[in-house]
Amino acid sequence: TLTAEQLKKYEGWYREEDWGSGSAVKLTAKDGNLEITEGGGGKIVPTGKDTFAIGSSKVQYLESSKKMAFTSPDETTTLTAVEGPVINEKTLSEYSGIYYSDETESRMTFKTKDGKLFLSVNLNEEFELKPLYKDRFRSQLGDIIFITDKKKQIVGFKVSAGRSDGIKFDKT
């Protein structure tokens, strides 16, 4: 059994290496276990130091790389720790702007309203984006990941939905 304090080191957001797959989960310590509170559900029960179980799957925390390896009878899925979303007026305003895709010859506009980020595809359609983790949001169009340059400035985004994976839009 791990203490509440020991479980805290495992809390946070984890995602699959292939960002387009959409798999991201938030782990939260609760009642002596870890719970998947975003991106699914389920109780992850400690079985030892850095080892857990969820249903018939085994989970191994890899301290050196901040990863969780979920091993079922059929496959192993590795999730990497990522920074959680930072949602405030300053960060939301950094995402705001007009973006253009040469590939689709289309334009999308992001704007903030009431402490939330919205995507306008045209004058009549506006979608609220749900923050997943730093620079990644979920929308009705698919998952959106914002791209930053070396100075950490938002320069574009990629969207993945269905068979369309990683369509790039540049900030104008």
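Keep in mind it's a predicted model, so treat the numbers as computed, not measured.

### What about the nonpolar core?
- With 16 residues, the main nonpolar core has Phe110, Leu117, Ile144, Phe146 and Phe157 as its most contacted residues.
- Contributions of two or more residues to this core are made by α2 (89-95), β10 (106-113), β11 (116-122), β15 (142-148), β16 (154-161) and β17 (164-171).
- Per-element accounting of this core gives the leading share, three residues, to β16.
- When residues no more than four places from it in sequence are discounted, the contact partners of Phe157 are Tyr99, Met108, Phe110, Ile144, Ile145, Phe146, Ile147, Ile167, Lys168 and Phe169.

### Considerations on the layout of surface pockets
- Here the second largest pocket is characterised by a volume of approximately 160 Å³.
- Along the walls of the second largest pocket sit 14 residues, with Thr91, Glu94, Tyr95, Lys134 and Asp135 positioned nearest its centre.
- Considering every element that reaches the lining of the second largest pocket, the biggest residue donor is α2, with three residues.
- Tallied by class, residues from the lining of the second largest pocket come to seven nonpolar, two polar and five charged.

### Thoughts on the sheet that holds strand β3 (residues 33-38)
- Judged by pairing direction, the barrel is antiparallel, and its eight strands sit side by side in the order β1-β2-β3-β4-β5-β6-β7-β8 before closing back on the first. Averaged over all adjacent pairs, the angle separating strand axes in this sheet is 30°, with direction ignored.
- Pairing of strand β1 (residues 12-16) with strand β8 (residues 76-82), which is carried by four bridges, proceeds in the antiparallel orientation. When the sheet's bridge partners are listed, Trp13 is paired in β8 with Val82.

### Overview of the pairing of strand β13 (residues 130-133)
- Where β13 meets strand β14 (residues 136-139), three bridges bridge the pair, whose relative direction is antiparallel. Paired with Tyr133 across the strands is Arg136, a residue of β14.
- Linking β13 back to β14 in an antiparallel pair, the connection comprises two residues, with Asp135 at a positive phi of about 70°.

### Quick notes on the environment of Glu125
- Within the element layout of this structure, Glu125 appears in strand β12 (residues 125-128).
- Judged by relative accessible area, Glu125 falls into the partly exposed class, the value being 36%.

### Structural notes on the pattern of salt bridges
- Scanning the model with the defined rule gives 13 salt bridges in all.
- Lys9 is paired through a salt bridge with Glu63; the nearest N and O atoms lie 2.7 Å apart. With Lys9 in the loop between α1 (4-7) and β1 and Glu63 in the loop between β6 (57-62) and β7 (67-71), this residue pair connects regions lying 54 residues apart in the sequence.
- Residue Lys9 is classed as partly exposed on the basis of its relative accessible area of 37%.
- Notably, a salt bridge pairs Asp143 with Arg136, separated by 2.3 Å at the nearest N-O pair.
- Linked through salt bridges whose partners overlap, the residues forming this network are Lys9, Lys49, Asp50, Glu63 and Lys66.

About the cut-offs
- Residues numbered from 1 in each chain as written.
- Predicted model: local features only at pLDDT ≥ 70, side-chain atom pairs only at ≥ 80, totals over all residues.
- Heavy atoms only, no water.
- Core = buried A, V, L, I, M, F, W, Y, C linked by side-chain atoms within 4.5 Å.
- Buried < 20%, exposed > 50% of the residue type's maximum accessible area, 1.4 Å probe, protein only.
- Helix = DSSP H or I, 4+ residues; strand = E, 2+ residues; numbered from the N terminus.
- Contact = heavy atoms within 4.5 Å.
- 1 Å grid on protein atoms, 1.4 Å probe; cavity = no way out; pocket = protein on both sides within 12 Å on 5 of 7 lines; lining within 4 Å.
- Points joined across faces, edges and corners; volume = space filled by probe spheres on them.
- Nonpolar A, V, L, I, M, F, W, Y, C, P; charged D, E, K, R; others polar.
- Pairing = 2+ DSSP bridges.
- Axes fitted to C-alpha atoms, helices over the stretch in contact; angles between N-to-C directions.
- Salt bridge = Lys/Arg side-chain N within 4 Å of Asp/Glu carboxyl O.

The values are spatial; any link to function lies outside them.
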